[in-house]
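Observations on the model geometry
Take a look at the letters that make up each chain.
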Amino acid sequence: MSRDRASSGSPYEAQFGFSRAVRVGDRIIVAGTGPIEDDGATTPGGAAEQADRCCTLIVRAIEQLGGSTADVVRTRMLLTDPADQDAVGAVHARFFGEAAPAATMLGVAWLCRPEWKVEIEAEAVIGG
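Residues numbered from 1 in each chain as written. Predicted model: local features only at pLDDT ≥ 70, side-chain atom pairs only at ≥ 80, totals over all residues. Heavy atoms only, no water.

Here we come to the side chain of arginine 53. By the element assignment, arginine 53 lies in helix α2 (residues 47-64). For arginine 53, a relative accessible area of 10% corresponds to the buried category. Separated by 3.0 Å, the side chain of arginine 53 and the backbone oxygen of isoleucine 36 make a polar contact. (Helix = DSSP H or I, 4+ residues; strand = E, 2+ residues; numbered from the N terminus. Buried < 20%, exposed > 50% of the residue type's maximum accessible area, 1.4 Å probe, protein only. Polar contact = N/O pair within 3.5 Å; in protein donor to acceptor, adjacent residues only side chain to side chain.)

What follows is the structure, given as structure tokens:
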């Protein structure tokens, strides 16, 4: 089975040796996606703005590989501050609410950059 890959241009992809997303058959797996701008800078703002950027990058990767938000079946949201859960949850609902994927929200001690408040990953099944 062939593998198709999507890149977001994150500097971490080459540095750490990973793809933003990989499609194998009808499955698309999107790596943990931090709030990183096209120029490599961190998205400014709070958890909601950062979650919006993460979701935008996730949707872009899924669409590059032939899917859509309707195909999303699983998400994971990693937060450094539990007080941000409502803000991040609202962004998640705006992007993925219609698909209503199985979702997990976790509190973590740290993310790749100290200013990151959220990182999100997703899985999609084309036609799922």
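On to the environment of alanine 87. Structurally, the position occupied by alanine 87 is in helix α3 (residues 85-96). Of the residues examined, alanine 87 reaches a relative accessible area of 31% and is grouped as partly exposed. The spacing of alanine 87 and glutamate 49 is 38 residues in sequence and 9.1 Å in space, taken between C-alpha atoms.

Positionally, threonine 33 belongs in strand β3 (residues 27-33). Owing to a relative accessible area of 0%, threonine 33 belongs among the buried residues under this scheme. At 3.1 Å, the side chain of threonine 33 and the side chain of arginine 20 are in polar contact.

For the pair α2 and α3, interaxial distance at closest approach is 8 Å and the crossing angle is 30 degrees. Relative to α3, the element α2 lies roughly parallel. The crossing of α2 and α3 is right-handed. Mapping the contact onto sequence places Ala47, Ala48, Ala51, Asp52, Cys55, Thr56, Ile58 and Val59 in α2 and Ala87, Val88, Val91, Arg94, Phe95 and Phe96 in α3. (Axes fitted to C-alpha atoms, helices over the stretch in contact; angles between N-to-C directions. Parallel < 35°, antiparallel > 145°, perpendicular 65-115°, else oblique. Left-handed = near helix turned anticlockwise from the far one by under 90°. Contact = heavy atoms within 4.5 Å.)

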